Amino acid sequence: MEKYNDDYYNEQRQLNAGMGIAYDVEHQKMQDKIYYNIYKEKYEIIKKMEEIKENSKYIFITINPSAFITLENFINKINKLMSKKWITNYLYVYEQRGETEAELGKGFHYHCILEKPKTKCYNHIVRELANSAKDLCDTSNFHFFNVKSISEEECNRKIQYITGRKADTNKHIKQDNDIIWRQQQNIKSFYNVGII
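Residues numbered from 1 in each chain as written. Predicted model: local features only at pLDDT ≥ 70, side-chain atom pairs only at ≥ 80, totals over all residues. Heavy atoms only, no water.

Asker: Before we go on, may I ask you to explain the environment of aspartate 135 in this structure?
Answerer: Structurally, aspartate 135 can be placed in the loop between helix H4 (122–133) and strand S4 (145–150). A C-alpha to C-alpha distance of 30 Å links aspartate 135 and aspartate 176, two positions 41 residues apart in sequence. With residues near it in sequence (within four places) discarded, aspartate 135 still touches Ile69 and Lys77. Separated by 3.2 Å, the side chains of aspartate 135 and lysine 77 make a polar contact. (Helix = DSSP H or I, 4+ residues; strand = E, 2+ residues; numbered from the N terminus. Contact = heavy atoms within 4.5 Å. Polar contact = N/O pair within 3.5 Å; in protein donor to acceptor, adjacent residues only side chain to side chain.)

Asker: Explain the nonpolar core to me, please; I cannot follow it from the model alone.
Answerer: Note that soluble globular proteins tend to have their nonpolar side chains buried in a common cluster. Counting 32 residues, the largest nonpolar core has Ile63, Met82, Tyr94 and Tyr110 as the members making the most contacts within it. Every element with two or more residues in this core is listed here: strand S1 (58–63), helix H3 (71–82), strand S2 (90–95), strand S3 (109–115), H4 and S4. Ranked by residues supplied to this core, first place goes to H3 with six residues. For tyrosine 110, the residues in contact, after removing those within four places along its chain, are Ile61, Thr62, Ile63, Phe74, Ile78, Leu81, Met82, Tyr92, Val93 and Tyr94. In this structure, Val93, Cys155, Ile159 and Ile195 belong to the second largest nonpolar core, which totals ten residues. (Core = buried A, V, L, I, M, F, W, Y, C linked by side-chain atoms within 4.5 Å. Buried < 20%, exposed > 50% of the residue type's maximum accessible area, 1.4 Å probe, protein only.)

Asker: Whenever I open this one, helix H6 (residues 172–185) confuses me. Can you help?
Answerer: Because the α-helix completes a turn every 3.6 residues, residues three or four places apart line up on one side. The terminal C-alpha atoms of H6, which comprises 14 residues, lie 20 Å apart, in line with the 20 Å expected from a rise of 1.5 Å per residue. Along H6, the positions that sit buried rather than exposed are His172, Gln175, Asn177, Asp178, Trp181 and Arg182. At the exit of H6 stands asparagine 186, carrying a positive phi of roughly 60°. (Expected span 1.5 Å × (residues − 1).)

Asker: Can you walk me through the side chain of glutamine 175 in this structure?
Answerer: Tracing the sequence through the fold places glutamine 175 in helix H6. On the accessibility criterion, glutamine 175 (10% relative accessible area) is buried. Residue contacts for glutamine 175: discarding those within four places in its chain leaves Gly164, Arg165 and Lys166.

Asker: Sorry, what's going on with the sheet that holds S4 here?
Answerer: Within a sheet, each strand pairs with its neighbour through backbone hydrogen bonds, oriented either parallel or antiparallel. Pairing within the open sheet is antiparallel, and its five strands lie in the order S4-S1-S3-S2-S5. Edge positions in the sheet fall to S4 and strand S5 (191–193), since each has one partner strand and no second. For this sheet, the mean angle separating the axes of adjacent strands, direction not counted, is 10°. Taken together, the two bridges between S2 and S5 define a ladder with antiparallel strand orientation. Its bridge partner lying in S5, tyrosine 92 is registered against tyrosine 191. Across the face of the sheet, H4 comes into contact with S1 and S4 while running at roughly 155° to S4. The sheet strands contacting helix H5 (residues 152–163) are S1, S2, S3 and S4, and the helix crosses S3 at an angle near 150°. (Pairing = 2+ DSSP bridges. Axes fitted to C-alpha atoms, helices over the stretch in contact; angles between N-to-C directions.)

Asker: Can you walk me through the pattern of salt bridges in this structure?
Answerer: Any two side chains of opposite charge can pair, given that their charged atoms come close. Scanning the entire structure with this criterion turns up eleven salt bridges. Between aspartate 135 and lysine 77 there is a salt bridge, with its nearest N and O atoms 3.2 Å apart. Of the two residues, aspartate 135 is situated in the loop between H4 and S4 and lysine 77 in helix H3; the sequence distance between them amounts to 58 residues. For aspartate 135, a relative accessible area of 45% puts it in the partly exposed group. With a closest N to O distance of 4.0 Å, aspartate 178 and arginine 182 form a salt bridge. Of this pair, aspartate 178 and arginine 182 both sit in helix H6, separated by four residues, roughly a single helical turn. By relative accessible area, aspartate 178 is classed as buried at 4%. Salt bridges here are not isolated pairs; linked through shared partners, they connect Glu153, Glu154, Arg157 and Lys158. (Salt bridge = Lys/Arg side-chain N within 4 Å of Asp/Glu carboxyl O.)

Okay, here's the thing in structure tokens:
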């Protein structure tokens, strides 16, 4: 968005006058200045977010499969996703949301921390991950498919989040059931190469 000079405003006043519309140059300048500053501020925020995406070292992924996807199919697809050549350092877990023995395995999902490869830009990574997950869930809905670029500090918090006790005590029952469910399904507590 460009800032306009006095000639622009005079032309606008003449055009509007020709159509019988009143045009207050000072009011329009003030309005344009406000819009310009709002646009500039949003642009700077977006630019900073893009820099974080491109310059951060890690990516955090959550995939919540559609209800009709079986656990076996889900694990097979995740194994295929994780075998991509550019995925070299990672930590991932399978979790579930069941709170009772009868609900074990309900709402199973996957969390993963990936070290971002230096050879791929963030948008290419997201596109490739979405293509791999498109048969599992609606990849356009962030509730089902969520990819975030994260800092080293956030990576350390996410490691604790997916391998340790959650801060939210309401999730402790689910975590206890995760252990039982994983044992029943012969799933490891976590899968890791180079992250911890």
